[in-house]
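Spelled out, the chains give:
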Amino acid sequence: MQFTTKGIHIGEKPNFQEGATGDVIVPLHLSTTFARQEVEVPTAGYEYSRSLNPTRKALESKLAAIEKARYGLAFSSGLGAETTVLLALLKSGDHVITTDDLYGGTQRLFRKVFTANYGIEFSFVDSANPARVEDAIRKETKMIWIETPTNPMLKLTDIARIALIAKENNLILVVDNTFMSPYFQNPLELGADIVLHSTSKYINGHSDSIGGAVMVSRDDLYEKLQFMQNSAGAMMSPFDSYLVLRGIKTLSLRMRQHEENAIEIAKFLSDHPKVKKVIYPGLESHPQHELAKEQMRGFGGMMAIELEGELEDAKRFLSNLKYFALAESLGGVESLIELPALMTHGSVPVDDRKKLGITDTLIRVSVGIEETEDLIEDLVQALNF
Ligand SMILES: Cc1ncc(COP(=O)(O)O)c(C=O)c1O
């Protein structure tokens, strides 16, 4: 079954059993608890909605299918998914090697919660260079956690190379695949153990639901993650599950349009005198363009641009825009734009920001699926600052 067919059909078969109405979509099951006819026999396996809910279950099987995994788990947010992975698989004293250019909220969770309160150590390294990852391995290391491409610098990590290092050293490899979505990249196929998404982004795609997903194929990992999903309780609500089920049905169509627009915009901005630099994996000028072609099936809708000038110029450009909403988040049908240094990555220490290249005029763009022509026209007028 191909991607879009899976996105539409897996987890949602019309129910023709007696008393059922043949709905073509899975109904929104809001019941918190499920009655049984006999003490020891839960009805169809359902007991209590935190543990298992029919709408969430349909979503979890769809999530697994589109990421080519055996199991899917849905959470209340991307960070809820991350917290669950860490709680399920690590303990105090363990060490994790991670990408230096991670999403700011993930860094805050690692540094200010898991290191500060639970004694789990993280080494932030340039995972684009596999030797840096290898050098950081200690006897306490249990996990490698990468984001590729990164947020906001769109730096790539070679998933297959890092997966080999993980296997040789008996480490669990987690890949945050939020930026590419399962449509453009499947890390499990490249040797990762766990794939994680903020479904708040492309997977849901309509900027109306916060959620997270974890996909795995290993039984041992699934058991631990499912146990923690129920024990810590950060699972996705039935209503969000319903929204995400709906979003996935058009994921492939949206991703194709995001990419088509992004390629046009990246080319246009590359030639604009007020733009110093465009960072987009689909441009030949991207230092890892070849790796992008190897491990991804497309280049996605995210880019970063650096403007000429000062912070004030960047602020003027952002306020001039009509269609690009000045907002955090990404992956929605509408174009979103933001200034990482003062917005999404404000919690990253200043020195680290400087080292990574997150300057005061670096702007992150989440290209939406509006008509390309309208978006370019908007950029033309806004760059007239
Ligand atoms: C790459 C990445 N991972 C994880 C998250 C966290 O997800 P959420 O906001 O759904 O908690 C985000 C949010 O921006 C993100 O961009």
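Please read these numbers as outputs of a predicted model, since none were measured by experiment. (Residues numbered from 1 in each chain as written. Predicted model: local features only at pLDDT ≥ 70, side-chain atom pairs only at ≥ 80, totals over all residues. Heavy atoms only, no water.)

1. Describing the layout of surface pockets
Alright, step 1. Considering only enclosed or pocket space, the largest pocket measures out at about 480 Å³ in volume.
Alright, step 2. Of the residues contributing to the lining of the largest pocket, the split by class is eight nonpolar, six polar and four charged. (1 Å grid on protein atoms, 1.4 Å probe; cavity = no way out; pocket = protein on both sides within 12 Å on 5 of 7 lines; lining within 4 Å. Points joined across faces, edges and corners; volume = space filled by probe spheres on them. Nonpolar A, V, L, I, M, F, W, Y, C, P; charged D, E, K, R; others polar.)

2. Some remarks on the domain arrangement of the protein
Interfaces are often sized by the accessible area lost when the parts come together.
Alright, step 1. As far as domains go, the protein holds domain 1 (3-248) and domain 2 (251-382).
Alright, step 2. Domain 1 puts 44 residues into the contact, and the matching count from domain 2 is 42 residues.
Alright, step 3. Between domain 1 and domain 2 the total buried area reaches about 3400 Å² when both faces are included, carbon and sulfur atoms providing 60% of it.
Alright, step 4. Connecting domain 1 to domain 2 are one salt bridge.
Alright, step 5. Linking Asp352 and Arg111 is a salt bridge whose minimum nitrogen-to-oxygen distance equals 3.3 Å.
Alright, step 6. On inspection of domain 1 and its partner domain 2, the count reaches 20 residue pairs in polar contact (both at pLDDT 80 or more).
Alright, step 7. Looking at side-chain class alone, the side of domain 1 that touches domain 2 contains 20 nonpolar, 15 polar and nine charged residues. (Domains from an automatic or database assignment. Contact = heavy atoms within 4.5 Å. Buried area = accessible area lost by both parts, 1.4 Å probe. Salt bridge = Lys/Arg side-chain N within 4 Å of Asp/Glu carboxyl O. Polar contact = N/O pair within 3.5 Å; in protein donor to acceptor, adjacent residues only side chain to side chain.)

3. Here we look at the UniProt feature "modified residue: N6-(pyridoxal phosphate)lysine" (unreviewed entry) in the protein
Alright, step 1. The sites that UniProt annotates as "modified residue: N6-(pyridoxal phosphate)lysine" (unreviewed entry) are Lys201.
Alright, step 2. Separated by 3.2 Å, the side chains of Lys201 and Ser198 make a polar contact. (UniProt positions renumbered as here; feature names shortened; annotations may be inferred.)

4. What to know about the site of the ligand
Alright, step 1. In the vicinity of the ligand there are 13 residues, among which Gly78, Asp176, Ser198, Ser200 and Lys201 approach most closely.
Alright, step 2. Asp176 has a polar side-chain atom sitting 2.7 Å from a nitrogen atom of the ligand.
Alright, step 3. Between the ligand and Ser198, the relevant distance is 2.8 Å, taken from an oxygen atom to a side-chain nitrogen or oxygen of the residue.
Alright, step 4. Coverage of the ligand by the protein chains reaches 93% of its 390 Å² of free accessible surface.
Alright, step 5. Looking at the shell around the ligand element by element, the count peaks at three residues for helix α3 (residues 78-89).
Alright, step 6. For the shell around the ligand, a count of residues per class yields two nonpolar, seven polar and four charged. (Near = heavy atom within 4 Å. Areas by Shrake-Rupley, 256 points an atom, 1.4 Å probe, with all protein chains shown as cover. Helix = DSSP H or I, 4+ residues; strand = E, 2+ residues; numbered from the N terminus.)

5. Remarks on the packing of aromatic side chains
Alright, step 1. Under the counting rule described, the total for this entry stands at 10 aromatic pairs.
Alright, step 2. Seen in terms of ring centroids, Phe110 and Phe122 are 4.2 Å apart; in terms of plane orientation they differ by 10 degrees. Their pairing is stacked. Remark: Phe122 occurs in strand β3 (residues 121-125) and Phe110 occurs in helix α4 (residues 104-115); sequence separation between them is 12 residues. Accessibility assignment for this pair places Phe110 and Phe122 in one class, buried.
Alright, step 3. Between Phe122 and Phe124, the ring centres sit 6.5 Å apart and the planes meet at 40 degrees, which makes this aromatic pair tilted.
Alright, step 4. For Phe122, a relative accessible area of 12% corresponds to the buried category.
Alright, step 5. Through a chain of ring-to-ring contacts, three or more aromatic side chains come together here, namely Phe110, Phe122, Phe124 and Trp145.
Alright, step 6. Lying over the aromatic face of Phe124, Arg111 brings its terminal NZ or CZ to 4.0 Å of the ring centre. (Phe/Tyr/Trp six-rings, centres within 6.5 Å; stacked < 30°, edge-to-face > 60°. Buried < 20%, exposed > 50% of the residue type's maximum accessible area, 1.4 Å probe, protein only. Lys NZ or Arg CZ within 6 Å of the ring centre and 35° of its normal.)

6. A word on the side chain of Ser200
Alright, step 1. Residue placement: Ser200 occurs in the loop between β6 (194-198) and β7 (212-216).
Alright, step 2. At 3.1 Å, the side chain of Ser200 and the side chain of Ser198 are in polar contact.
Alright, step 3. Beyond its immediate chain neighbours, meaning those up to four positions away, Ser200 contacts Ser209, Ile210, Gly211 and Leu330.

7. Let's talk about unusual backbone geometry
Alright, step 1. Between Thr148 and the following residue, Pro149, the backbone shows a cis peptide bond with an omega angle of -5 degrees.
Alright, step 2. Tracing the chain through its elements places Pro149 in the loop between β4 (141-147) and α6 (159-168).
Alright, step 3. Cis geometry marks the peptide bond from Asn151 to Pro152; its omega dihedral reads 15 degrees.
Alright, step 4. Within the secondary structure, Pro152 is located in the loop between β4 and α6.

8. Concerning the pairing of strand β2 (residues 95-99)
The side chains of a regular strand alternate, first on one face of the sheet and then on the other.
Alright, step 1. For β2, the buried fraction is high: five of the five residues fall into the buried class.
Alright, step 2. Across five bridges, the pairing between β2 and β3 is parallel. By the bridge assignment, Thr98 is partnered in β3 with Phe124.
Alright, step 3. In this fold, β2 hands off to α4, which returns the chain to β3; that crossover is right-handed.
Alright, step 4. Looking at chain direction, β2 and β4 are connected through four bridges and run parallel. Residue Thr98 lies in a different strand from β4, and its bridge partner there is Trp145. (Pairing = 2+ DSSP bridges. Right-handed = clockwise from strand over helix to strand, strands pointing away.)

9. Notes on the packing of α3 against α4
Packed helices, taken two at a time, are described by the angle between their axes plus the distance between the axes.
Alright, step 1. Between α3 and α4, the least distance of the axes is 11 Å, while the angle of their chain directions is 40 degrees. The angle between α3 and α4 places the two elements in the oblique class. Note that α3 runs across α4; the crossing there is right-handed. Across the interface between the two elements, Leu79, Glu82, Thr83, Leu86 and Leu87 from α3 touch Gly105, Thr106, Arg108, Leu109, Phe110 and Phe114 from α4.
Alright, step 2. Residues that form the contact of α3 with α4 fall into these classes: six nonpolar, three polar and two charged. (Axes fitted to C-alpha atoms, helices over the stretch in contact; angles between N-to-C directions. Parallel < 35°, antiparallel > 145°, perpendicular 65-115°, else oblique. Left-handed = near helix turned anticlockwise from the far one by under 90°.)

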